Amino acid sequence: MEIIIKATAVEAQHEAARIIAAQVRGKAASVLGLATGSTPIGVYSHLAELHQKEHLDFAQVTTFNLDEYVGLPEGHPQSYREFMRQHLFSRVNIPAHRIHFPDGLAADIPAHCAGYETAIRQAGGIDLQLLGIGSDGHIGFNEPSSSLASRTRIKTLTPRTVKDNARFFGSVEQVPRHVITMGVGTIMDARACLLLAIGESKAEAVAGMAEGPITADLPASALQMHPVCKLVVDEAAATRLRRADYYRWVYDNKPSWQRT
Ligand code: PGA
């Protein structure tokens, strides 16, 4: 895993955006796996800026979002489809027919989840998967105890995640208890993964993910087994990393041809 420590949240978000932009410039028809939450907002703003100012072209890009709440009515401001429309899709030129989400209103959820996996495969697989991390170590909504081989399915949120996400809904009671999420196995199939973590509240999960044992108790730790995974953090999220100085040294001494 390549661990990149940036001084500030904005620098970390810009670094993540640069990695995504390099992917799209290198392969116009890239398949991107996308994430929601407060962490990637700055990434999407920067991508929109690169689209406007540097003609970063998304015309051939396909996207699959990681997850969606179950049961929120269409157009609900906290649905992830609405989040992505607001922060990215209304600002860049990804064709609507190539944008994919789990459907939180599907009548037959298992059949829909199997179809989502098929759609990812039919698109050629995900080239680059953007991820956040929960304070409990989840990726997507793969909460602790998720199988590290899991595929897209329904999950029940932990009380901690419900509480973490209540800030978007106004109260704990309004947060849905269920979600559809890509599995850890689905995420591990992506050709490359990029996990972005910002802030002190993520420091413990980040350290466990990068330096702790691989365990379903901290699903993000599965990424230690991914052959092409970058972890981008700000200083606050890096405070619990034991080998932070070594990661800085590696980054500072990176050959120029490896830089994005
Ligand atoms: P956050 O969520 O970016 O809102 O902290 C991250 C996540 O739960 O994956």
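Residues numbered from 1 in each chain as written. Predicted model: local features only at pLDDT ≥ 70, side-chain atom pairs only at ≥ 80, totals over all residues. Heavy atoms only, no water.

> Help me understand the sheet that holds strand 7 (residues 153-156), please; the structure alone is not making it clear to me.
Strand pairing within a sheet occurs via backbone hydrogen bonds; the two strands may be parallel or antiparallel. Ordered by their spatial adjacency, three strands build an open sheet running 4-8-7, and the pairing between neighbours is antiparallel. Unpaired on one side and paired on the other, strand 4 (67-69) and strand 7 mark the two borders of the sheet. Mean inter-strand twist for the sheet, computed between neighbouring axes without regard to direction, equals 30°. Judged from the three bridges that link them, strand 4 and strand 8 (residues 178-181) form a sheet pairing that is antiparallel. (Pairing = 2+ DSSP bridges. Helix = DSSP H or I, 4+ residues; strand = E, 2+ residues; numbered from the N terminus. Axes fitted to C-alpha atoms, helices over the stretch in contact; angles between N-to-C directions.)

> I'm lost on the side chain of Thr36 in this one. Help?
Within the secondary structure, Thr36 sits in the loop between strand 2 (31-34) and helix 2 (41-54). Excluding residues within four positions of it along the chain, Thr36 makes contact with Asn65, Asp67, Tyr80, Phe83 and Met84. (Contact = heavy atoms within 4.5 Å.)

> Mind showing me how you'd approach the packing of helix 1 (residues 9-26) against helix 2 here?
For any two helices packed against each other, the geometry is given by the interaxial angle and the distance between the axes. Across the interface, helix 1 lies against helix 2 with an axial gap of 8 Å and an inter-helix angle of 50°. Accordingly, the angle class assigned to the pair helix 1 and helix 2 is oblique. Once helix 1 is placed against helix 2, the crossing between them reads as right-handed. Residues Gln13, His14, Ala16, Ala17, Ile20, Ala21 and Arg25 of helix 1 touch helix 2, and the partners they reach there are Gly42, Val43, His46, Leu47, Leu50 and Glu54. Of the residues contributing to the contact of helix 1 with helix 2, the split by class is seven nonpolar, four polar and two charged. (Parallel < 35°, antiparallel > 145°, perpendicular 65-115°, else oblique. Left-handed = near helix turned anticlockwise from the far one by under 90°. Nonpolar A, V, L, I, M, F, W, Y, C, P; charged D, E, K, R; others polar.)

> Whenever I open this one, a nonpolar patch on the surface confuses me. Can you help?
Together, Tyr246, Trp249 and Val250 give the surface a local cluster of nonpolar side chains, amounting to about 350 Å² of exposed area. Note that Val250 resides in helix 8 (residues 244-252). Here Val250 falls in the partly exposed class, since its relative accessible area comes to 36%. (Patch = residues over 30% accessible without salt bridge, like charges linked within 9 Å, V, L, I, M, F, W, Y side chains within 5 Å. Areas by Shrake-Rupley, 256 points an atom, 1.4 Å probe, with all protein chains shown as cover. Salt bridge = Lys/Arg side-chain N within 4 Å of Asp/Glu carboxyl O. Buried < 20%, exposed > 50% of the residue type's maximum accessible area, 1.4 Å probe, protein only.)

> Looking at this model, I keep getting lost on the nonpolar core. Mind explaining?
Most often, soluble globular proteins keep nonpolar side chains buried together rather than apart. With 78 residues, the main nonpolar core has Leu47, Tyr69, Leu88, Leu195, Leu223 and Leu241 as its most contacted residues. When residues in this core are grouped by element, the largest group, seven residues, is from helix 1. (Core = buried A, V, L, I, M, F, W, Y, C linked by side-chain atoms within 4.5 Å.)

> Hey, could you run me through the site of the ligand in this one?
In the vicinity of the ligand, the contacting residues are Gly37, Ser38, Thr39, Gly132, Ile133, Gly134, His138, Arg167 and Lys202. A distance of 2.9 Å is found between an oxygen atom of the ligand and a backbone nitrogen or oxygen belonging to Ser38. The contact in question runs from an oxygen atom of the ligand to an N or O atom on the side chain of Thr39, over 2.5 Å. Across the complex, the protein chains shield 85% of the 280 Å² of accessible surface that the ligand would expose by itself. Residue composition of the shell around the ligand, by class: one nonpolar, six polar and two charged. (Near = heavy atom within 4 Å. Polar contact = N/O pair within 3.5 Å; in protein donor to acceptor, adjacent residues only side chain to side chain.)

> Would you mind showing me how to read the pattern of salt bridges here?
If the charged atoms of two oppositely charged side chains come close together, the side chains can form a pair. Going through the model one piece at a time under the given rule, you end up with 13 salt bridges. For Glu49, the salt bridge is made with Lys53, and the minimal N-O distance between the two is 3.7 Å. On the criterion of helical spacing, the pair formed by Glu49 and Lys53 is a turn pair, its members being four residues apart in helix 2. Its relative accessible area of 34% is what places Glu49 among the partly exposed residues. A salt bridge links Glu235 to Arg248, with the nearest nitrogen and oxygen atoms 2.8 Å apart. Here Glu235 is found in the loop between strand 10 (229-234) and helix 8, whereas its partner Arg248 is found in helix 8, with 13 residues between them in sequence. The class for Glu235 is partly exposed, based on a relative accessible area of 32%. What you see here is one network of salt bridges that share partners, running through Glu2, Lys230 and Lys254.

> Help me out: how do you make sense of the environment of Arg153 in this one?
With respect to the secondary-structure elements, Arg153 resides in strand 7. Taking the relative accessible area as the measure of exposure, Arg153 reaches 18% and is therefore buried. Ignoring sequence-local partners within four residues, the contact set of Arg153 consists of Cys113, Asn142, Ser146, Val179, Ile180, Thr181, Met182 and Gly183. At 2.8 Å, the side chain of Arg153 forms a polar contact with the side chain of Asn142. Of note is the side chain of Arg153, whose polar atom sits 3.4 Å from the side chain of Ser150.

> Whenever I open this one, the sheet that holds strand 10 confuses me. Can you help?
As summarised here, the arrangement of the seven strands in space is 1-10-9-6-2-3-5, forming an open sheet in which the pairing is parallel. The outermost strands of the open sheet, each flanked by one partner alone, are strand 1 (2-6) and strand 5 (99-100). As judged from the four bridges shared by strand 2 and strand 3 (residues 62-65), these two strands associate in the parallel manner. Residue pairing for strand 3: Leu34 is matched across the bridge by Asn65.

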